[in-house]
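# Notes for the structure review
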Amino acid sequence: MSHSRIDVTVSQGPEELDRSARVRLRWEIWIVLALAIIPSSLYAVISLADRATRDTALADQTTTLNASRDARPLFDALLQLSSILTDLVPVALVIWLLWRPTVSGFRKLGLDTRQPLGDLGQGLLLAACVGVPGIVFYLATRALGLTLSVEASAQEITWWTVILLLLAALRAALLEEIVVVGYLATRLRELGWATWQIIVASSLLRGSYHLYQGPGMALGNVAMGVLLSWWFLRKGRVGGLVVAHFILDAVSFLGYPLAAALLPQLFT
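Report on the accompanying structure.

Cut-offs used in this document
- Residues numbered from 1 in each chain as written.
- Predicted model: local features only at pLDDT ≥ 70, side-chain atom pairs only at ≥ 80, totals over all residues.
- Heavy atoms only, no water.
- Helix = DSSP H or I, 4+ residues; strand = E, 2+ residues; numbered from the N terminus.
- Polar contact = N/O pair within 3.5 Å; in protein donor to acceptor, adjacent residues only side chain to side chain.
- Contact = heavy atoms within 4.5 Å.
- Core = buried A, V, L, I, M, F, W, Y, C linked by side-chain atoms within 4.5 Å.
- Buried < 20%, exposed > 50% of the residue type's maximum accessible area, 1.4 Å probe, protein only.
- Expected span 1.5 Å × (residues − 1).
- Arc of directions from axis to C-beta.

### Re the side chain of Arg171
Along the chain, Arg171 turns up in helix α8 (residues 159-190). Of the polar contacts made by the side chain of Arg171, one reaches the side chain of Asp87; its length is 2.8 Å. Apart from residues no more than four positions distant in its own chain, Arg171 is found in contact with Ser83, Ile84, Asp87 and Leu88.

### Side note on the environment of Leu233
Mapped onto the secondary structure, Leu233 falls in helix α10 (residues 215-235). Separated by 38 residues in sequence, Leu233 and Thr195 place their C-alpha atoms 7.6 Å apart.

### Looking at the nonpolar core
Grouped together as the largest cluster of nonpolar side chains are 41 residues, with contacts concentrated most on Ile29, Leu33, Ile37, Ile178, Val179 and Leu241. Listing elements by their share of this core, those giving two or more residues are α2 (19-36), α5 (89-97), α7 (116-143), α8, α9 (195-208), α10 and α11 (239-262). Element by element, the count of residues in this core is highest for α8, at 11 residues. Look past the residues within four positions of Leu241 in its chain and what remains in contact with it is Leu126, Glu177, Val181, Leu228, Trp231 and Phe232.

### Re helix α4 (residues 73-87)
Counted at 1.5 Å a residue, the expected span for α4 with its 15 residues is 21 Å, and the 21 Å between its end C-alpha atoms agrees. Along α4, the residues that are buried comprise Asp76, Ala77, Gln80, Ser83 and Ile84. When α4 is viewed along its axis, its buried side chains cluster within an angular range of 130 degrees and face the same direction. Facing away from the buried side of α4 by more than 90 degrees, the exposed set consists of Leu74, Leu85 and Thr86.

Spelled out as structure tokens, the structure:
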């Protein structure tokens, strides 16, 4: 795909929107974020305030990413599946909102099958660029007392919990990269925002809903957001971002318990 084609896909000039269209677009953005992201950000802020005001230091507290919903496996699985499906509704919404007669929402976001090998290769590259420094950053901020002990899953690893954890990783990848990066960058570019403004807005939003893990990990996710939003604005595709995010979460959700068992002194 040429750079000129990418520019057409990712952005539309602000001169194409009249005043009423711009107002409507701003309301659309706030409604989408209120449905998809802002509740998580509010929860994260409240959770951090709660934990920061306890007698126990942040570094001595634990947060679980994929907690069990019910003691009985069948109902636990059903509850987790329903939560995953519910979280994917805003993803479907933004794809529909971006849909035009001449181009689908999937193609506008770069979530199609035109470049499968390219998306896979970019995803692997981005996962490596984020994953290795991410582990070092996590351990460093833990040592500084800025990050809680993050437990990937409190569930016993079985065949069905593996499937649920992979689905949870896919859910996070689709929701965050499509809404927080692809959709938001596309709409803000249509409103005439500069590239650096879009990157800052998307990255800070990503960091906000990770505050429940502590300010250290929130800052790390801001840095991750800078890279991923810049990459999308340059390439015009979220496919690689979704692949990278899925790999990172899948490795974290499934590899973390094994690493914690082998190296407990680093993860406790």
